[in-house]
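Residue strings, one per chain:
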Amino acid sequence: MNDHRKLGRELDLFDTDPLIGSGLPYLFPDGAAIRKAIEDYVFELERRHGYRHVSSPVLAKRELYERSGHWAHYSEDMFPPMEVGGEQFVLRPSLCPHHALIFAARQRSHRDLPLRLAELGGQYRAELSGVLGGLVRVRSMQLNDGHVFCPLDQAAEEIAAALDLIQAAHAQLGIRASRYRLSLGGDGAKYVDDPALWDRAEAVLRDVLAQRGQPYDEEKGEGAFYGPKIDIQLVDPSGRESSIATVQVDFFQPDRFDLSYVGPDQRDHRPVMVHRSVIGSVERMLSHLVEVHGGAFPAWLAPVQAVVLPVSDAELPAARALVRRAVEAGLRAELAGPDRGSLGARIRAHRLVPYQLVVGAREAAGGSAAVRLRDGSQAGELPVGELVDFLRVRASPSF
Ligand SMILES: [Zn+2]
């Protein structure tokens, strides 16, 4: 069984320290390299689909969350306020309120819509049971979030586009949804009490799912406090299910923040907010990827994409030159020289690296390397220039 906590430690991806605290993992360089690869991929995917990226602070005044409704419906999951200069600040429980304010900060016309804003930013949850050493229940996470502000008649199209985006990303990450879930509100103070608003949002989501012929289950008490959502569920090899990607339609926050745009009739209209997360939090996604791939990540995600293995010290200069060229070409490449053991031992130590480039006397003399794949097969001998192009293509995500 691939337990991400055990693998994360073995692969030097992440760890925790009692002085930092439970539920507050940090990433080692290899873990941070994967995070950067995911972040770059999602940024580019979103950019190609019409998103503009914003950047906003990880905390705000308590009043912001009173306005957004988090304070009334979600405060038990929030860190307590910090008092500074007579004002109270809260670590943000979500990015939505910041994005609503960014929308409201300028006058918007119907010609600006749909306005798609995205951010990968910090968000915080006061978990009482941070599971020590894991990435699943954490108190600090980097969330891939996005909000589409649009007229109601564009919402279905935007929800469908967000589902397409999620499917494309999952294919690229090498993961598969176990099921789609329509997550509905429940009873009690955790949910906004406005049945008409819930019905309206639910109808929009059901329509999109029906139009796509997408089978789904429904579950009460799993919605956001302000509205229902479509959750794309994943199951870890250990059987644990989680919601990572999600699409929501929201009539509540646009009201709370009094959002408006000027319509073709020159009057003010209320937009709807489509909330969506393609990969959820980096931490949760990383734990899922570690378990699914068992450390043998797709080449574009691998912390080290190519390792250069000189057979003997005589080939060290050629091997170092090859590492340099690969690094300059944007690849994550490193050297494992004869001081690290026999060639066989070095290959075993780097068995999870997608490309193992062996440089013997013949290759060094001819300016080439022999390419070995991690399944043990040989991809032949390639001149260094061609080899770098070969790796660059194979170690990049496709869109
Ligand atoms: Zn949101």
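Data block above holds the structure.
The residue numbers shown here count from 1 along each chain, following its written sequence. Per-residue local features are limited, in this predicted model, to residues with pLDDT of at least 70; the limit for side-chain atom pairs, both in listing and counting, is 80 or more; totals at the level of whole chains, interfaces and linings are taken over all residues. In computing side-chain properties, one takes all heavy atoms of the structure into account and sets aside hydrogens as well as water.

Caption draft 1: Up close: the side chain of Arg-276. A helix here means a DSSP run of H or I that spans at least four residues, while a strand means a run of E at least two residues long, and both kinds are numbered starting from the N terminus. Here Arg-276 is to be found in strand β15 (residues 272-277). At 2.8 Å, the side chain of Arg-276 and the side chain of Glu-46 are in polar contact. For the purposes of these results, a polar contact is taken to be a pair of N or O atoms within 3.5 Å, where, inside protein, one atom must be able to donate a hydrogen and its partner to accept one; residues adjacent in sequence count only when each atom of the pair is a side-chain atom.

Caption draft 2: Structural view of the pattern of salt bridges. The rule for a salt bridge is simple: a side-chain nitrogen of Lys or Arg has to be within 4 Å of a carboxyl oxygen of Asp or Glu. Tallied over the entire structure, the rule returns 32 salt bridges. Between Asp-236 and Arg-240 there is a salt bridge whose closest N-O contact spans 2.8 Å. Overall, Arg-240 belongs to the partly exposed group, its relative accessible area being 31%. Measuring nitrogen to oxygen at the nearest pair gives 2.8 Å for the salt bridge that ties Asp-255 to Arg-270. In this pair, Asp-255 sits in helix α8 (residues 252-256) while Arg-270 sits in the loop between β14 (268-269) and β15, placing the two residues 15 residues apart along the sequence. Classification of Arg-270 by relative accessible area gives partly exposed; the value is 37%. Taken together, the salt bridges that share partners define one network made up of Arg-179, Arg-181, Asp-217, Glu-219, Glu-222, Lys-229, Asp-231 and Glu-241. Note on exposure labels: buried denotes an accessible area under 20% of the residue type's maximum, exposed denotes more than 50%, and partly exposed covers the range between, all computed with a 1.4 Å probe on protein chains only.

Caption draft 3: Structural detail: the layout of surface pockets. Of the grid points, spaced at 1 Å and generated over the protein atoms alone, those admitting a 1.4 Å probe that cannot get out make up cavities, while open sets with protein on both sides within 12 Å along at least five of seven lines make up pockets; any residue with an atom within 4 Å of a point is treated as lining. Grid points are joined across faces, edges and corners, and a volume is the space filled by probe spheres set on the points. Roughly 1,400 Å³ of internal volume is contained in the largest pocket. Lining the largest pocket we find 45 residues, and of these Tyr-74, Gln-123, Arg-125, Lys-229 and Ser-243 sit closest to its centre. Looking at the lining of the largest pocket, the elements with two or more residues in it are α4 (70-74), β8 (140-150), β11 (229-235), β12 (241-250) and β15. The greatest single-element share of the lining of the largest pocket, amounting to six residues, is contributed by β12. Residues that form the lining of the largest pocket fall into these classes: 15 nonpolar, 15 polar and 15 charged. Taken as a whole, the second largest pocket spans an internal volume of roughly 470 Å³. Around the second largest pocket, the lining comprises 18 residues; the ones closest to its centre are Leu-11, Asp-30, Ala-349, Leu-352 and Val-353. Looking at side-chain class alone, the lining of the second largest pocket contains 10 nonpolar, three polar and five charged residues. Amino acids are sorted into nonpolar (Ala, Val, Leu, Ile, Met, Phe, Trp, Tyr, Cys and Pro), charged (Asp, Glu, Lys and Arg) and polar (every other residue, Gly among them).

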